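The lines below spell out each chain.
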Amino acid sequence: MRIVSWNVNGLRAVDRNRKFRRLLDSSEAWLFGAQEVRALPEQLPRRLTAPKGWHVLISPAEKKGYSGVAVWSREAADEVVTELGEPDLDREGRLIIARFGQLVVANVYFPNGSGPGRDHSRVPFKLRFYQRLYQRLDDYRRAGRRVLVMGDFNTAHQEIDLARPKQNRKTSGFLSEERDELDRWMQNGWVDTFRARNSEPGHYTWWSQRQGVREKNIGWRIDYVLACTEANAHVEDAFIWPRVRGSDHCPAGVDLADSIVR
């Protein structure tokens, strides 16, 4: 069972010439989650909203052309949640939680901490989103579910996760309080599936769109699949696909044993 996550930075743009649809069908994914969809369902073609062989969930933002997440799965979910119960956190379309038997997959587009003036004014909002989601997923863990949370976390956890850590210590995405929040998750039974299996530097999932940056691999790893301890026992592999273009992010994912749903 393969699960893939990708911040597409605009689904309509990345699907020009059916590029996203071709990747969806060739990925061998059992579930594919996208972030930053930036479209209402009615603005998307049927090849994305009703593709043969897929069940589709879309949670758009109230603001047009902003945020939004989507999930394509080979099986229909037993339960779907798209809200955390706080209106200001929910109106941006950042969450789909889908349960399949014992498996719970949260597809999430975490907020950026940078405000309109490139200050840190959104950091409190970002951290509150992290904390509220943590509580919600902890409810599933306490109920004995195997939980994965994937998506664009908008935070590089450790120095190994970005090419230039010293130059970015005062940049949102690598602030100490943002990294501390990820530390809290890891210290309480969440596993970074890729880092647990690959300790080498130079693996990134986001690059600035400035010319030459991606070619030089001056990037950040801010897209993760985290697994709770119980789910991690069923993870067979974790991967990043840096050669996939079309967005400033690349896909990341995991291969799972079928037993995770039972």
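For the structure itself, look to the data block above.
What counts, and at which threshold
- Residues numbered from 1 in each chain as written.
- Predicted model: local features only at pLDDT ≥ 70, side-chain atom pairs only at ≥ 80, totals over all residues.
- Heavy atoms only, no water.
- Helix = DSSP H or I, 4+ residues; strand = E, 2+ residues; numbered from the N terminus.
- Rg over C-alpha atoms; globule rule 2.2 N^0.38 Å.
- Buried < 20%, exposed > 50% of the residue type's maximum accessible area, 1.4 Å probe, protein only.
- Contact = heavy atoms within 4.5 Å.
- Areas by Shrake-Rupley, 256 points an atom, 1.4 Å probe, with all protein chains shown as cover.
- Lys, Arg positive; Asp, Glu negative; His and termini not counted.
- Charge placed at Lys NZ, Arg CZ, Asp CG, Glu CD.
- Pairing = 2+ DSSP bridges.
- Polar contact = N/O pair within 3.5 Å; in protein donor to acceptor, adjacent residues only side chain to side chain.
- 1 Å grid on protein atoms, 1.4 Å probe; cavity = no way out; pocket = protein on both sides within 12 Å on 5 of 7 lines; lining within 4 Å.
- Points joined across faces, edges and corners; volume = space filled by probe spheres on them.
- Nonpolar A, V, L, I, M, F, W, Y, C, P; charged D, E, K, R; others polar.
- Core = buried A, V, L, I, M, F, W, Y, C linked by side-chain atoms within 4.5 Å.
- Axes fitted to C-alpha atoms, helices over the stretch in contact; angles between N-to-C directions.
- Salt bridge = Lys/Arg side-chain N within 4 Å of Asp/Glu carboxyl O.
- Arc of directions from axis to C-beta.

Report on the overall build of the protein chain, specifying residues and quantitative values.
Tallying secondary structure elements over the protein chain gives seven helices and 14 strands in all. Radius of gyration (C-alpha) of the protein chain: 17 Å, near the 18 Å computed for a compact globule of 262 residues. When its C-alpha atoms are laid out on the principal axes, the protein chain stretches across 45 × 45 × 40 Å. Relative to its full complement of 262 residues, the protein chain shows a buried share of 56%. For the protein chain, long-range pairs separated by at least 24 residues make up 70% of all intrachain contacts whose partners lie at least 6 apart in sequence. As displayed, the protein chain has an accessible area near 11800 Å², and 43% of this comes from carbon and sulfur atoms. Distance from the positive charge centre (42 side chains) to the negative charge centre (35 side chains) of the protein chain: 5 Å.

How would you sum up the pairing of strand β6 (residues 95–100)? Please name residues and give values.
Within β6, six of the six residues are buried, leaving the element largely enclosed by the surrounding structure. Side chains Leu 95, Ile 97 and Arg 99 project from β6 onto one buried face, and the interleaved Ile 96, Ala 98 and Phe 100 project onto a second face that is buried too. Judged from the six bridges that link them, β6 and strand β7 (residues 103–109) form a sheet pairing that is antiparallel. Bridge assignment links Ile 97 to a residue of β7, and that residue is Ala 106. Two successive antiparallel strands, β6 and β7, enclose a turn made up of two residues, where Gly 101 displays a positive phi of approximately 60°.

Tell me about the side chain of Ser 208, and name the residues and values.
Structurally, Ser 208 is set in the loop between β10 (206–207) and β11 (219–220). The buried category is assigned to Ser 208, whose relative accessible area is 14%. One polar contact links the side chain of Ser 208 to the main-chain amide nitrogen of Arg 210, over a distance of 3.1 Å.

Tell me about empty space enclosed by the protein, and name the residues and values.
Overall, the coordinates contain three cavities of 30 Å³ or more when judged by the stated rule. In this structure, the largest cavity spans a volume of roughly 50 Å³. Every residue lining the largest cavity is counted, 13 residues in all, and those nearest its centre are Phe 194, Tyr 224, Val 225, Phe 239 and Ala 252. Secondary structure elements with two or more residues in the lining of the largest cavity: β12 (223–228), β13 (235–240) and β14 (252–256). Of the residues contributing to the lining of the largest cavity, the split by class is eight nonpolar, two polar and three charged.

Requested: an account of the nonpolar core, with residues and values cited.
Counting residues in each nonpolar core, the largest one holds 53 residues, and the members touching the most others are Ile 3, Leu 133, Leu 137, Leu 148, Val 149, Trp 185 and Trp 190. One finds Ala 39, Leu 44, Trp 72 and Phe 239 within the second-largest nonpolar core, a separate group that totals 20 residues.

Run through the sheet that holds strand β5 (residues 79–81), naming residues and quoting values.
Pairing is mixed across the open sheet formed by six strands, whose spatial order is β5-β6-β7-β8-β12-β9. The sheet is open, and its two edges are formed by β5 and β9 (190–192), each paired on a single side. For this sheet the average axis-to-axis angle between neighbouring strands, irrespective of direction, equals 20°. Strands in contact with helix α5 (residues 123–142) are β5, β6, β7, β8 (146–152), β9 and β12; relative to β8, the strand with the most contacts, it is inclined by about 155°.

Tell me about the side chain of Arg 179, and please be specific about residues and values.
With respect to the helices, strands and loops of the structure, Arg 179 is situated in helix α6 (residues 176–187). Buried charge without a partner: Arg 179 forms no salt bridge, and the closest opposite charge is Glu 159, 5.4 Å away. Looking at Arg 179, its side chain comes within polar contact range of the main-chain oxygen of His 157, at 3.0 Å. In this view, Arg 179 contacts Thr 155, Ala 156, His 157, Gln 158, Glu 159, Arg 169 and Phe 174; residues no more than four positions away in its chain are not counted.

Kindly report on the layout of surface pockets, identifying the contributing residues and their values.
In this model, the largest pocket occupies a volume close to 1100 Å³. As for the largest pocket, its lining consists of 36 residues, of which Asn 112, Ser 114, Thr 171, Ser 172 and Trp 206 are closest to the centre. Those elements that place two or more of their residues in the lining of the largest pocket are β10 and β11. Its residues assigned to classes, the lining of the largest pocket comprises 11 nonpolar, 16 polar and nine charged.

How would you explain helix α2 (residues 19–26) if you had to name every residue and give the values?
Those residues of α2 lying buried are Phe 20, Arg 21, Leu 23 and Leu 24. Down the axis of α2, the smallest arc covering the buried residues is 160°, so these residues share one side. On the buried face of α2, the contacting elements are β1 (2–7), α1 (11–14), β2 (31–35), α3 (46–49) and β4 (69–73). Looking one or two places after α2, you find Glu 28, whose phi comes out positive at around 60°.

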